[in-house]
Amino acid sequence: MERRKFLAGAGAVTAGAVAAAAPGSPGAAAPGIRRVETGLDVLVRSGFAELAGQRVGVISNPTGVDGSYRHLVDLMHASDAVQLAAAFGPEHGFRGSAQAGGSEGTGIDARTGITVYDAYGASLAKWETMFGQAGVDTVVFDIQDVGARFYTYIWTMYTSMMAAARTGKRYVVLDRPNPIGGRAYGPMMASAYTSGVGLKEIVQQHGMTVGELARFFNAEFLPAEAGGQVDLHVVRCRHWKRDKLAADTDLPWVMPSPNMPTPDTALVYPGTGLFEGVASITEGRGTCRPFELIGGLAADFDYHWSDRLNARELPGVEFREAYFTPTSAGQKPALLNKLCAGVEVKVVDRATYDPIRTAVAMLVEAHKYPAFAWRQDSWDAARPYWVDKLTGSPRLRTMIDAGADVDDVVGAWADELADFNRRRAPYLLY
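Predicted model, so just to flag it, every value in this text is computed and none were measured. Note on numbering: residues in each chain are counted from 1, in written sequence order. Local features in this predicted model are restricted to residues whose pLDDT is 70 or higher, and side-chain atom pairs enter the listing and the counts only when it is 80 or higher, whereas totals over whole chains, interfaces and linings include all residues. Only hydrogens and water are removed before side-chain values are computed, so all heavy atoms of the structure are retained for them.

**A few points about the UniProt feature "domain: Peptidoglycan beta-N-acetylmuramidase NamZ C-terminal" (unreviewed entry) in the protein**
Convention followed: UniProt positions are given in the numbering used here, feature names are shortened, and annotations may be inferred rather than shown by experiment. What counts as a helix is a DSSP run of H or I of at least four residues, what counts as a strand is a run of E of at least two, and both are numbered from the N terminus.
When the UniProt feature table is mapped onto this chain numbering, "domain: Peptidoglycan beta-N-acetylmuramidase NamZ C-terminal" (unreviewed entry) sits at residues 267–430. End C-alpha to end C-alpha, residues 267–430 measures 20 Å, and it is 34% helix and 14% strand.

Here's what the structure looks like:
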C-alpha cells in the first residue's frame, strides 16, 4: 500500500487551544456581528461532549476547520476527551491537493501519526473494511458541501453512512451552512441514471445542509439500502437561517476543491457545472474564475453568445463577453491552453438568481453554434452522455436538441421539484 505523509492543519494546536476563539482573535466576529457557528464550533465549545470516550474516525478535508481555521483533526488530537483513530479523505484528498476525479492515496498524517485512508469512490465493502482496520466506534463527517447533487462529498457521506449502519457504528455529522442557501431547484435524479455524481434520487440543487441531507438519507434510503438506519447524531449550526448565503455570514471560506475558490463559484456551480457535459465548451478550469468563465474555442464561439443571453434579461444575472485560456481542461484536452471565447457569469442579485435556469438559457443559446457538441464517454455505452448523469436523465439534453426553449425545459421538472420539497420538509433543521 502506498504510504504518504499528510499535514492536517495549518499550525500546532495545544491542548488549551480547543476553547472558542476569544474576542479580537482571527476567528472572532467583528463588533456588533453575531458570528455563525458551525457544528464543529459547537462541538469544540462543548469540550467534545458528543464524542467523549469514543474511538473516532474522521471524514474530512481542508474545509473541516473552526472559526479560527483550526482543523478538526488537530483539535481532536489535542483533546483528552477524544480517541482519534483515523481519517478518511474524499475526492481531491484529505489535503485537497488532487484535481477532479483524483485522490491522494493512503498515508500517515505527519502531525498526529494517524492513518489517513483514501476513501474517494470507496464501495460499501471498502468502507466496512476501512472502519474495521481503523477500529472506530464513531464516524464523524465534517466537510463543506456546496449544495449541488453532482458535488461528490455528499455521496461519500451517504456510502459511509450505509457502512456505519451495517457495522453498528455511530455516525456524527458536524453541520455547516449551505453556502448557496436553502432553496431547492432543478430536476430529480432518475434511478436509471445514478452514478458517482448522483447516487440517489434528490434534485440538482438540493437546498439542504449536510446534516439535513444525512437525516433525509437515513430515513428515506438507508432502511432499504443498508437494512436499517444508522445511529445518527447531527451537531447543529447556531445563528444560521436557510435564507442566508455564504456572503451573508462571517464564516471562514476554505476552498472545498481546487476549482471552487470562492463563494461566488459555489453560487453558480449547480448551473454552470452542467458544462462539464459539453465537449466543445470549457467550464473555465485552470482560470481564476472556474465555472464563472464559460466558453469554447475562439474560432467557434463569439460575442453573440453574451449579446443573446443579455437580451433574455434573466433575473439576477448579467453576462460579460470574455476571452480566456484554460490551463486545466479536465476531460476536454482539445481546449487545453487554447484561446477560448465565451461569457463571464456575473450574479448581480443573489435573491433572484436561479443558477440552473440560467445555465439552461446558456445551453440553449450555445446549442445554436455549429461547433456545439455534448460530451460522450465511451466507457458507458448504455448511458454515454455525461450531461444525462449530471441532470439525472436524458430529458434536458433531448429537449434542447429538439429546439425547446428555457421555459419548456425548466417547466418539465416543476412537479418533481414540488414533490421533493414536500419530502424533504420533515428533515429540515433551520
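**Some details on the domain arrangement of the protein**
Selection rule: Domain ranges listed in this record stem from an automatic or a database domain assignment. Any two residues whose heavy atoms approach within 4.5 Å at even a single point are treated as in contact. Take the accessible area each of two parts loses on contact, using a 1.4 Å probe, and add the two losses: that sum is the buried area. Polar contacts, as used here, are pairs of N or O atoms within 3.5 Å; protein pairs need one atom able to donate a hydrogen and one able to accept it. Residues neighboring in sequence count only if both atoms are side-chain atoms. Polar here means any residue other than Ala, Val, Leu, Ile, Met, Phe, Trp, Tyr, Cys and Pro, which are nonpolar, and Asp, Glu, Lys and Arg, which are charged; Gly is therefore polar.
Domain annotation for the protein reports domain 1 (39–255) and domain 2 (263–392). Relative to domain 2, the C-alpha centre of domain 1 lies at a distance of 29 Å. Contacts between the two partners involve 27 residues from domain 1, matched on the other side by 22 residues from domain 2. Summed over both partners, the interface of domain 1 with domain 2 comes to about 2,000 Å²; 64% of that surface belongs to carbon and sulfur atoms. Ranking the residues of domain 1 by area buried against domain 2 places F150, Y193 and Q204 at the top, with a combined share of 28%. Between the two partners, domain 1 and domain 2, sit seven residue pairs in polar contact (both at pLDDT 80 or more). In terms of residue count, strand β8 (residues 185–188) provides more of the side of domain 1 that touches domain 2 than any other element does, four residues in total. Residues belonging to the side of domain 1 that touches domain 2 are distributed by class as follows: 19 nonpolar, six polar and two charged.

**A word on the packing of aromatic side chains**
We describe a pair of aromatic rings using the distance from one ring centre to the other and the angle between the two ring planes. Worth spelling out the cut-off: The rule is short: rings of Phe, Tyr and Trp, with Trp giving its six-membered ring, pair when the centres are within 6.5 Å, and they are stacked under 30 degrees, edge-to-face over 60, tilted in between. Burial classes: relative accessible area under 20% of the type maximum marks a residue as buried, over 50% as exposed, and values in between as partly exposed (1.4 Å probe, protein chains only). Whether a charge sits over a ring depends on NZ of Lys or CZ of Arg being within 6 Å of the ring centre and within 35 degrees of the ring normal.
With the rule as written, the count across this model stands at 23 aromatic pairs. For the ring pair F88 and F131, a centre distance of 5.6 Å and an interplane angle of 85 degrees mean the geometry is edge-to-face. A residue pair is termed long-range when its members are at least 10 positions apart, and F88 in strand β3 (residues 83–89) and F131 in helix α3 (residues 124–134) qualify at 43 residues. Relative accessible area serves as the criterion here: at 0%, F88 is assigned to the buried category. Relative to W386, the ring of W379 lies with its centre 6.2 Å away and its plane at 70 degrees, an arrangement referred to as edge-to-face. Here a set of aromatic residues connected by ring pairs shows up, and it is made of W155, Y158, F216, F217, F221, F420 and Y427. For the cation-ring pair, K200 lies above F221, with the distance from its terminal atom to the ring centre recorded as 4.9 Å.

**So, the nonpolar core**
Selection criterion: Throughout, nonpolar core names a set of buried Ala, Val, Leu, Ile, Met, Phe, Trp, Tyr and Cys residues whose side chains join them through atoms within 4.5 Å.
Judged by nonpolar contacts, the single largest core of 94 residues is most densely connected at F88, M157, Y171, F217 and W305. Sorting elements by how many residues they give to this core places helix α4 (residues 153–167) first, with nine residues. Among the domains, domain 1 (39–255) and domain 2 (263–392) are the pair contributing at least three residues each to this core. Dropping the residues within four chain positions of it, M157 is found in contact with F141, Y171, V173, V210, L213, A214 and F217. Grouped together as the second largest cluster of nonpolar side chains are 22 residues, L40, L43, L84 and F94 included.

**Examining the layout of surface pockets**
Put simply, the test is: Using protein atoms alone on a 1 Å grid, points that fit a 1.4 Å probe yet trap it form a cavity, whereas open point sets bounded by protein on both sides within 12 Å along at least five of seven lines form a pocket; residues with an atom within 4 Å of a point count as lining. Grid points are joined across faces, edges and corners, and a volume is the space filled by probe spheres set on the points.
Here the largest pocket is characterised by a volume of approximately 820 Å³. In this structure, the largest pocket is lined by 38 residues; those nearest its centre are E91, G101, Y120, T152 and V197. Of all the secondary-structure elements, those providing two or more residues to the lining of the largest pocket are α3 and α4. The element best represented in the lining of the largest pocket is α4, accounting for three residues. Partitioned by chemical class, the residues of the lining of the largest pocket number 17 nonpolar, 15 polar and six charged.

**Quick notes on the sheet that holds strand β11 (residues 281–282)**
Put simply, the rule reads: Pairing between strands is defined by DSSP: at least two bridges between the two strands are required.
Within the open sheet, the four strands sit side by side as β11-β12-β14-β13. Their pairing is antiparallel. Both edges of this open sheet fall to β11 and β13 (317–324), since each of them pairs with a single strand only. As paired strands, β13 and strand β14 (residues 340–347) are joined by eight bridges and run antiparallel to one another. Paired with F319 across the two strands is V345, which belongs to β14.

**A short note on helix α13 (residues 414–424)**
The cut-off we apply is this: Regarding the arc, it is the one traced by the directions from the helix axis to the C-beta atoms.
If you check which residues of α13 are buried, you get L417, F420 and R424. For α13, the angular spread of buried residues about the axis comes to 60 degrees, placing them on one side. In this structure, α13 carries D415 and R422 as exposed residues pointing more than 90 degrees from its buried face. Each element contacted by the buried residues of α13 is listed here: β8, β9 (203–205) and α5 (210–220).

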